[in-house]
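Residues per chain, in single letters:
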Amino acid sequence: MTEQQKISIRVLREQNFSYVAISRILELTLGSVRSYCQRCGLGGNRKEAFQADKPMVLPTFCKCCGKQVIQREKVKPRIFCSDECRVTWWNSHLDQVKRRNPHTVKCLCCGKEFTWYGSKVKKFCAHACYIKHRYEGVTYVAEAV
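These numbers come from a predicted model, not from an experiment. (Residues numbered from 1 in each chain as written. Predicted model: local features only at pLDDT ≥ 70, side-chain atom pairs only at ≥ 80, totals over all residues. Heavy atoms only, no water.)

## Regarding unusual backbone geometry
Step number 1: Unlike most non-glycine residues, E27 shows phi in positive territory, near 55°.
Step number 2: Position of E27 among the secondary structure elements: in the loop between α2 (19-26) and α3 (30-39).
Step number 3: In the Ramachandran plot, K74 falls in the positive-phi region, its phi being about 60° despite a non-glycine side chain.
Step number 4: Note on placement: K74 falls in the loop between β2 (68-69) and α4 (83-92). (Helix = DSSP H or I, 4+ residues; strand = E, 2+ residues; numbered from the N terminus.)

So this is what it looks like as structure tokens:
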């Protein structure tokens, strides 16, 4: 059982959820939920807490580091705890990041093809190529076939 699941069990028991309800929500076995609650002093009979006036509040955790993320009211739910975690996760999961509007162009300086994602088309593959082109006058010339 992970730390995230333990925190979720504690929060749900404080909201008067039964062992059965918690095991269904967190997709854990009934025995593991019951034994954890009894070890931590969260035991006892409780009725189902699915009440219309009180919404269920589950803690959310950062996709990158696993820390609990504090959510604010009336704001889009946060997935990451910080910008650093967001960038780290994006860079390590490039296959899961939805990229729009890809452009494949040749660098004006070195002639290397590169792909740029975004609305504005770039002219250079790297800052070093921009500097060479701007200050040294280096320009790529396509070879005649």
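## Remarks on the nonpolar core
Step number 1: Counting twelve residues, the largest nonpolar core consists of I9, L12, F17, Y19, A21, I22, L26, L28, V33, Y36, C37 and L42.
Step number 2: Mapped by element, the contributors of at least two residues to this core are α1 (3-14), α2 and α3.
Step number 3: At four residues, α2 tops the list of elements feeding residues into this core.
Step number 4: If near-sequence neighbours (up to four positions away) are discounted, Y36 is found in contact with M1, K6, I9, R10 and L42.
Step number 5: Counting six residues, the second largest nonpolar core, distinct from the first, contains V105, C107, F124 and C129. (Core = buried A, V, L, I, M, F, W, Y, C linked by side-chain atoms within 4.5 Å. Buried < 20%, exposed > 50% of the residue type's maximum accessible area, 1.4 Å probe, protein only. Contact = heavy atoms within 4.5 Å.)

## As for the pattern of salt bridges
Opposite charge on two side chains permits pairing when their charged atoms draw close.
Step number 1: Counted according to the given criterion, the structure contains two salt bridges.
Step number 2: Here K6 and E3 are joined by a salt bridge, their closest N and O atoms 3.7 Å apart. In this pair, K6 and E3 are both assigned in helix α1, three residues apart and thus about one turn of the helix distant.
Step number 3: The class of K6 is partly exposed, set by a relative accessible area of 25%.
Step number 4: Where R86 meets D83, a salt bridge forms, and the shortest distance between an N and an O atom there is 3.3 Å. Of this pair, R86 and D83 both sit in helix α4, separated by three residues, roughly a single helical turn. (Salt bridge = Lys/Arg side-chain N within 4 Å of Asp/Glu carboxyl O.)

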